[in-house]
Amino acid sequence: MMELVYNERIANGKDWATLVFVACFALIAVNRSVFETRFAEFIKLAVSDKYTKIYKDSGNMLSWFTISFFLVQVISFTFLFQFLLSYEGWTNFDKIEKHNWINFIQIFTVIGVFILSKYLIEKIIATSFNIEEFNELFNLHKVNYRTYIGLLILPVNIFLFYNEAQHPIVIYSILGLIIAASVISYLVSLRIYQNLILSKLFYFILYLCTLEIAPYYFMYYWFRKS
């Protein structure tokens, strides 16, 4: 009789990540080719706010350029979070592995659902308090800078993914730069829309507490307890 031999299924190969990285760079190349002028202004976002002034219409939120780069952004942050959650030394997520594609899909789904849910809730609250214009402009500005940060850390993710045993200084440096860039982009947004914010200060404080601080706190709490 033929003897059946069962082999353990290994989900920790790296080929899947290579395909994802190649797809991201292909998408960036397509955007660069199709939206040449817009892409050229977008990559200058760190040194110039010309892009935000040209493409400030709320309709740009649902453009192909924004949506496709949003996908790249989520993928980029997913790789980063997967690495951080699998990094030995500061987390207890024993089931999270850096090269596991199932973990990648799980984290990608959580991040995607979190961002989209947050956006829909913001839309509902903005409509309720009659601050749709401010919400759309502020959201578009945040999306632009988050996307830019996501593109910048994409090569960093490649380095972290294909190299083992990173020194803690490298990890803390990367985190520090990302946090600093996020804070700076947020302050830039506040400076640009300061007149609009001051005219609706009460609603902005409510918006800040309920939609910019609370969701991330509950997300952190859920991760720690899950």
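Residues numbered from 1 in each chain as written. Predicted model: local features only at pLDDT ≥ 70, side-chain atom pairs only at ≥ 80, totals over all residues. Heavy atoms only, no water.

## Regarding the overall build of the protein chain
Reasoning step 1: Within the protein chain one finds 9 helices and 0 strands.
Reasoning step 2: Element order for the protein chain, N to C, with α for helix and β for strand: α-α-α-α-α-α-α-α-α.
Reasoning step 3: In the protein chain, buried positions account for 40% of the 226 residues.
Reasoning step 4: The contacts in the protein chain between residues at least 6 apart in sequence include a share of 78% that link residues at least 24 apart. (Helix = DSSP H or I, 4+ residues; strand = E, 2+ residues; numbered from the N terminus. Buried < 20%, exposed > 50% of the residue type's maximum accessible area, 1.4 Å probe, protein only. Contact = heavy atoms within 4.5 Å.)

## A look at helix α4 (residues 64-86)
Reasoning step 1: With 23 residues, α4 should reach 33 Å at 1.5 Å per residue; the first-to-last C-alpha distance of 33 Å fits that figure.
Reasoning step 2: Burial within α4 is extensive, with 17 of its 23 residues counted as buried. (Expected span 1.5 Å × (residues − 1).)

## Description of the nonpolar core
Reasoning step 1: Core analysis: the biggest nonpolar cluster contains 24 residues, and W16, V20, I28, F42, F69, V72 and F79 have the highest contact counts within it.
Reasoning step 2: Those elements giving two or more residues to this core turn out to be α1 (15-34), α2 (36-42), α4 and α6 (132-162).
Reasoning step 3: Sort the elements by how many residues they give to this core and α1 lands first, with 7 residues.
Reasoning step 4: Not counting the four nearest positions on each side in its chain, F42 is found in contact with Y51, F65, F69, N144, T147, Y148 and L151.
Reasoning step 5: Grouped together as the second largest cluster of nonpolar side chains are 11 residues, F77, I149, I153 and I171 included. (Core = buried A, V, L, I, M, F, W, Y, C linked by side-chain atoms within 4.5 Å.)

## Overview of the confidence of the model for the protein chain
Reasoning step 1: Looking at the protein chain, the pLDDT average stands at 79 and 79% of residues meet or exceed 70.
Reasoning step 2: Averaged over each element, pLDDT in the protein chain is lowest for helix α9 (residues 201-225) (68) and highest for α1 (92). (pLDDT = per-residue confidence, 0-100.)

## Details of the packing of α6 against helix α7 (residues 168-192)
The relative placement of two packed helices is expressed as an angle between their axes plus a distance between the axes.
Reasoning step 1: Packing of α6 against α7 brings their axes to within 10 Å, and their N-to-C directions diverge by 165°. The orientation of α6 relative to α7 falls into the category roughly antiparallel. The crossing of α6 and α7 is right-handed. Between α6, through F138, H141, K142, Y145, I149, I153, V156 and L160, and α7, the contact on the second element is made entirely by I171, I174, I178, A181, S182, S185, Y186, V188, S189, L190 and I192.
Reasoning step 2: Within the contact of α6 with α7, the residues separate by chemical class into 14 nonpolar, 4 polar and 1 charged. (Axes fitted to C-alpha atoms, helices over the stretch in contact; angles between N-to-C directions. Parallel < 35°, antiparallel > 145°, perpendicular 65-115°, else oblique. Left-handed = near helix turned anticlockwise from the far one by under 90°. Nonpolar A, V, L, I, M, F, W, Y, C, P; charged D, E, K, R; others polar.)

## Let's talk about a nonpolar patch on the surface
Reasoning step 1: There is a patch of nonpolar side chains on the surface, built from V30, V34 and W64 and spanning about 300 Å² of accessible area.
Reasoning step 2: We classify W64 as partly exposed; its relative accessible area is 46%. (Patch = residues over 30% accessible without salt bridge, like charges linked within 9 Å, V, L, I, M, F, W, Y side chains within 5 Å. Areas by Shrake-Rupley, 256 points an atom, 1.4 Å probe, with all protein chains shown as cover. Salt bridge = Lys/Arg side-chain N within 4 Å of Asp/Glu carboxyl O.)

## Notes on the packing of aromatic side chains
Reasoning step 1: The final tally for this structure, using the stated rule, is 19 aromatic pairs.
Reasoning step 2: For the ring pair F39 and F69, a centre distance of 6.2 Å and an interplane angle of 35° mean the geometry is tilted. A residue pair is termed long-range when its members are at least 10 positions apart, and F39 in helix α2 and F69 in helix α4 qualify at 30 residues.
Reasoning step 3: Residue F69 is classed as buried on the basis of its relative accessible area of 1%.
Reasoning step 4: Ring geometry for Y51 against F65: centres 6.4 Å apart, planes inclined by 40°, an arrangement best described as tilted. Here Y51 is found in helix α3 (residues 50-54), whereas its partner F65 is found in helix α4, with 14 residues between them in sequence.
Reasoning step 5: Since its relative accessible area comes to 1%, Y51 is described here as buried. (Phe/Tyr/Trp six-rings, centres within 6.5 Å; stacked < 30°, edge-to-face > 60°.)

## A short note on the pattern of salt bridges
Reasoning step 1: Taken as a whole and assessed by the stated rule, the structure comprises 1 salt bridge.
Reasoning step 2: A salt bridge links E41 to K50, with the nearest nitrogen and oxygen atoms 3.7 Å apart.
Reasoning step 3: The exposure class assigned to E41 is buried, which follows from its relative accessible area of 13%.
Reasoning step 4: Exposure remark for K50: the relative accessible area of 43% places this residue in the partly exposed category.

## Details of the packing of α1 against α6
Reasoning step 1: Running from N to C, α1 and α6 point in directions that differ by 160°, and their axes come no closer than 12 Å. On the basis of the axis angle, α1 is roughly antiparallel to α6. Note on packing geometry: the crossing formed by α1 with α6 is left-handed. Residue-level contacts link W16, A17, T18, F21, C24, F25 and I28 of α1 to L151, L154, N157, I158, F161 and Y162 of α6.
Reasoning step 2: When the residues that make up the contact of α1 with α6 are grouped by side-chain class, the tally is 11 nonpolar, 2 polar and no charged.

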